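# Structure at a glance
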Amino acid sequence: MRPIDIIKTKNPAQLLAMILSDIHKEGPVNQEVLERLAYLKKYYPDLVFEQEAKLMYLLGLFYKTTEPNDLLSLAYRIFQDSILNQYKSILTPVQSTIQNEIEERKFYSFSAPTSTGKSHILRELILRISEDIVIVLPSRALISEYLITVRKIVEGYKEILVLQFIDDINTIKTRKRVFIITPERGSDLFRYRERFNIGLFIFDEAQISEEGVRGLTFDAFVRRTERTFPNAKKVFVHPFVENPEAQLTKHGFTESASAQVFRQSAVGKIFIEFDKRSRSFSFFSPYIDEAHLKKNKCDVSQDIVKEVVEAGGSVLVYVSKMFIYNRKYREVFAEYIKLCPILKDPRALSIIADVERLIGATDHESELVSLMRRGIVIHHGSVPLVVRYLIESFANEHFARICFATSTLAQGVNIPFDIVWIDNLRFYGTEENKTLALKNLIGRAGRTTGKPNSFDFGYVVVTSIKTFIERFAGRMTLNEVSVLESDEKDFGPDFQEFITAVKEGTIDEDYSLPKTKVQRLRNPEIHETLSYILDFVFKDGQLITGDDYQKLQEEERKALKKAFAKVFETSLKRNLGEGEMSILSTAISILLWQIQGKSFKTLLGLRFSYLTKRSEQREINRRFRAGQINALQRQQELEKLKVKFSPIPTQLPNNGISNISSFGNVSVKDLNYDLLVYDTYDYLDKVISFSLSDIYVAAFDQYFSVTGDVRAAAFVNFIRYGTSNPIEILLIRYGFSPENVTELATHVESITEEAVVFRTSISEVEDAFDRYLIEHYR
């Protein structure tokens, strides 16, 4: 039906009766039916209200029902009670089916819409299963949201340890562990194979298996988990996938295995076109033919986005990362940004203060922070993890009015919004991946609330109906053959060694690298290079300071970076290209700052001073104060001073990568501080942690084993933890933010792998990220 036909229907009661009948007979599987229901609730709320109690039963939303007041609701109540008797918890029919299959099967793969209520299923699993659990996510962008969810689930259960990495600590109190990791950072799991009793692996957003190199890493991790932990259950979770059984087929998981597709949904969507030229809105339905034609659309007289924001609702605006970096979003959405008042809530202000402190924005102008003061947040994969954790807490506590986000939210971050505005239809990957990302994003609109007897719906705003509908109508199917079985040449020579090692089972369990690569990092020539590096970075047994490093002659710094490059090149069996070498060179400088135990905000300060040529600025200002130049000349000289070149951080290896600056040819006065924050985090995460750390840890650790040189052991700790202080290292292993461990260490009475005991002064610590852990371990 056209939107206008629903809005202007002569008999809304009859239409509602037909909708209820359809849901009862077929289940809530027809999205078009839920769309009609959403229009009826918007335009005939009193009519829908009369039937909403029954509707909750028909939708299977048993956690939102009240006592049945008709015969049909009573029949559904009997069904609800049977589920309650079996699971001792109120679950929807879909949730109970999923729960049952996980209990009955060793391998289970399913697909379900984003409103299925995975967090409730997760809660049941975490509290019911006695063994350790590993939750595997496609990217670090999702970790903070999962941490928030799981920590809420286990609140009060101090015997359950929740970590976003693999470690074995707090052993006296811990009876069960929940690890939340990515495949890339899950390799440490296999070093602890004799110490953990893992009963369940949950692979969420498992369609990552289709994504080239990331799919390669994912499939390799899946196979290693089955080889190392054959008794553990493996569950694969997907949104909007047509053949989840393919995930089992590609790995040969056939015994005690099942797969299901769930199409049930409980949230309606109203679709709106925004015309950029006339800046007007109109309703349309993507479920009818030729929806883009004017005759099939319905003009909207009011600005629904404005109404939602003014009423205290929330809007997600999907934009490209470049749109955020170049600040165009502020211009395009200025009228809505102006609607957001300055926040006064003490809890909101506390979260904002934590963000401001963590990124050093007290001394610099940060758009990220200034917008949060108005309830406007920015969310993308280059926002530092601990900051993203705070932003997602901010949004989930309903302080966010507008969120400008990139594809990280499309990947499955569980933050609900009243409106999803899709300003940009550019998604990465194949057409099927683009369809899946779009549907995932749409699923954020009108996420179901816990309000009893209330049908929820949300709005989806788009700017290009035809393109939107074409992609929306697409389907996602998984390949039944793993990328591990693909031609190794498809991934280039840099990955062939890894693929071969996975297939042959020759991954070194201690270093998570192919044994052949580990062997190359053990040869005498490399040991000479490592000795040269250690002689450079340690003076009198102490690591050189940032000032010491900057005082080195340019040739000395180049020689040091060349030595680091030689180690990496040896691991690759080839020389680095110009772009790769530029990225590595920048990463080494950042690494040497980081491993001095510097906080992230201090590291940002050092980079800011370096990139903005602070010494040259001081000289210009000295000449002005000495009367050698006037104010105009000073201004002109400062404007001519350009930010130093720094390449865009990219994962290595990446042969053929272009050598492009992150900041462009801008004046030192115009350096975007937030961009510096994102760029620095990407270097720490994508380059140092993801691309370099395993290589250098393997090299220096083996060098220590052969030579006994304690500097090498210290350097391994610096790479892994950014410090060699044993108390600070243990605090990081307990999950505390590296930003705060120096301060937290002053409040520690004693700490070992078995337990941590805090002094009473620990109550002075206010950081939200660490406060939870403090209370959990006390």
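We now turn to the structure provided with this report. Being a predicted model, the structure only gives us computed values, none of them experimental. (Residues numbered from 1 in each chain as written. Predicted model: local features only at pLDDT ≥ 70, side-chain atom pairs only at ≥ 80, totals over all residues. Heavy atoms only, no water.)

## Some details on the sheet that holds strand E14 (residues 419–422)
Pairing is mixed across the open sheet formed by 8 strands, whose spatial order is E10-E9-E8-E15-E14-E11-E13-E12. In this open sheet, the two strands that pair with only one neighbour each are strand E10 (298–300) and strand E12 (376–379). In this sheet, neighbouring strand axes are inclined to one another by 25° on average, regardless of whether the strands run parallel or antiparallel. In this sheet, strand E9 (residues 280–284) lies alongside strand E8 (residues 267–275) in antiparallel orientation, the contact comprising 5 bridges. Note on E9: the bridge partner recorded for Asp275 is Ser280. Along the sheet face, helix H19 (residues 431–442) touches E8, strand E11 (315–318), E14 and strand E15 (456–462) and points at about 150° away from the line of E14. (Pairing = 2+ DSSP bridges. Helix = DSSP H or I, 4+ residues; strand = E, 2+ residues; numbered from the N terminus. Axes fitted to C-alpha atoms, helices over the stretch in contact; angles between N-to-C directions. Contact = heavy atoms within 4.5 Å.)

## A few points about the nonpolar core
Among the nonpolar cores identified, the biggest contains 254 residues, and Ile422 and Phe468 are the most heavily contacted of them. The dominant element in this core, judged by the number of residues it contributes, is helix H30 (residues 673–707), at 18 residues. Not counting chain neighbours up to four residues away, the residues in contact with Ile422 comprise Tyr318, Leu438, Leu441, Ile442, Val460, Val461, Val462, Thr463 and Phe468. Judged by nonpolar contacts, the second largest core, of 9 residues, contains Leu216, Val483, Val502 and Ile507. (Core = buried A, V, L, I, M, F, W, Y, C linked by side-chain atoms within 4.5 Å. Buried < 20%, exposed > 50% of the residue type's maximum accessible area, 1.4 Å probe, protein only.)

## Side note on empty space enclosed by the protein
For the coordinates displayed, the defined rule picks out 3 cavities of 30 Å³ or more. Of the pockets and cavities examined, the largest cavity occupies roughly 110 Å³. Around the largest cavity, the lining residues are Ile98, Ile102, Phe110, Lys118, Ile121, Leu122, Leu125, Tyr146, Ile202, Asp204, Val235 and Val237. Of all the elements in the fold, those that place two or more residues in the lining of the largest cavity are helix H6 (93–104), helix H7 (118–128) and strand E6 (233–238). (1 Å grid on protein atoms, 1.4 Å probe; cavity = no way out; pocket = protein on both sides within 12 Å on 5 of 7 lines; lining within 4 Å. Points joined across faces, edges and corners; volume = space filled by probe spheres on them.)

## A few points about the packing of aromatic side chains
Given two aromatic rings, their pairing is described by the distance between the two centres and the angle made by the two planes. Counted according to the given criterion, the structure contains 44 aromatic pairs. Between Phe271 and Phe468 the ring centres are 5.9 Å apart and the planes differ by 50°, which places this aromatic pair in the tilted class. With Phe271 in strand E8 and Phe468 in helix H20 (residues 465–472), this pair connects stretches of sequence that are 197 residues apart. One exposure class covers both Phe271 and Phe468, and it is buried. On the basis of an interplanar angle of 85° and a centroid distance of 5.1 Å, the ring pair of Phe333 and Trp421 is categorised as edge-to-face. Of this pair, Phe333 sits in the loop between helix H13 (328–332) and helix H14 (334–337) while Trp421 sits in strand E14, placing them 88 residues apart in sequence. Since its relative accessible area comes to 3%, Phe333 is described here as buried. Positioned above the aromatic ring of Tyr43 is the side chain of Lys42, whose terminal nitrogen or guanidinium carbon lies 5.6 Å from the ring centre. (Phe/Tyr/Trp six-rings, centres within 6.5 Å; stacked < 30°, edge-to-face > 60°. Lys NZ or Arg CZ within 6 Å of the ring centre and 35° of its normal.)

## Description of the state of the cysteines
Tallied over the entire structure, the rule returns 0 disulfides. Here Cys340 stays unpaired: no disulfide links it, and the sulfur of Cys403, its closest cysteine neighbor, is 12 Å away. (Disulfide = S-S within 2.5 Å.)

## So, the pairing of strand E1 (residues 107–111)
Among the 5 residues in E1, 5 count as buried, and that is most of the element. Across 5 bridges, E1 lies against strand E7 (residues 257–261) in parallel orientation. Across the sheet, the residue bridging to Tyr108 is Ser258, located in E7.

## Here's the deal with a nonpolar patch on the surface
On the surface, Tyr63, Leu84 and Ile90 cluster together into a nonpolar patch covering about 230 Å² of accessible area. Inspection of the secondary structure puts Ile90 in the loop between helix H5 (71–87) and H6. On the basis of relative accessible area, Ile90 is assigned to the partly exposed category, the value being 35%. (Patch = residues over 30% accessible without salt bridge, like charges linked within 9 Å, V, L, I, M, F, W, Y side chains within 5 Å. Areas by Shrake-Rupley, 256 points an atom, 1.4 Å probe, with all protein chains shown as cover. Salt bridge = Lys/Arg side-chain N within 4 Å of Asp/Glu carboxyl O.)

## Considering the pairing of strand E4 (residues 176–181)
For a regular strand, the rule is simple: side chains alternate between the two faces of the sheet. Most of E4 is tucked away: 6 of the 6 residues are buried. Because side chains alternate across E4, one face comprises the buried residues Lys176, Val178 and Ile180, and the other comprises Arg177, Phe179 and Ile181, equally buried. Taken together, the 4 bridges between strand E2 (residues 132–136) and E4 define a ladder with parallel strand orientation. Bridging across to E4, Ile133 finds its partner in Val178.

## Side note on the packing of helix H2 (residues 12–26) against helix H4 (residues 45–59)
Two elements in contact, H2 and H4, have axes separated by 10 Å at closest approach and are oriented at 5°. On the basis of the axis angle, H2 is roughly parallel to H4. Contact residues: Pro12, Ala13, Leu16, Leu20, Ile23 and His24 in H2; Leu47, Val48, Gln51, Leu55, Leu58 and Leu59 in H4. Of the residues assigned to the contact of H2 with H4, the class counts are 10 nonpolar, 2 polar and no charged. (Parallel < 35°, antiparallel > 145°, perpendicular 65-115°, else oblique. Nonpolar A, V, L, I, M, F, W, Y, C, P; charged D, E, K, R; others polar.)

## What about the packing of H7 against helix H8 (residues 143–153)?
Where H7 contacts H8, the axes come no closer than 10 Å and their chain directions differ by 50°. By the criterion of interaxial angle, the relationship of H7 to H8 is oblique. Like other packed secondary-structure pairs, H7 and H8 cross with a definite hand, here right-handed. In this structure, H7 contributes Ser119, Leu122, Arg123, Ile126 and Leu127 to the contact, and H8 contributes Tyr146, Thr149, Val150 and Ile153. In terms of residue class, the contact of H7 with H8 is made up of 6 nonpolar, 2 polar and 1 charged. (Left-handed = near helix turned anticlockwise from the far one by under 90°.)

## Examining the sheet that holds strand E5 (residues 198–203)
The pairing of strands in a sheet happens through backbone hydrogen bonds and is either parallel or antiparallel. With parallel pairing, the 7 strands of this open sheet are ordered in space as E3-E4-E2-E5-E6-E1-E7. Only two strands of the sheet have a single neighbouring strand rather than two, namely strand E3 (160–163) and E7. Averaged over all neighbouring strand pairs, the angle between strand axes comes to 10°, with direction disregarded. Note that E1 and E6 share 5 bridges and pair parallel. From the neighbouring strand, Ser111 faces E6, where its bridge partner is His238.

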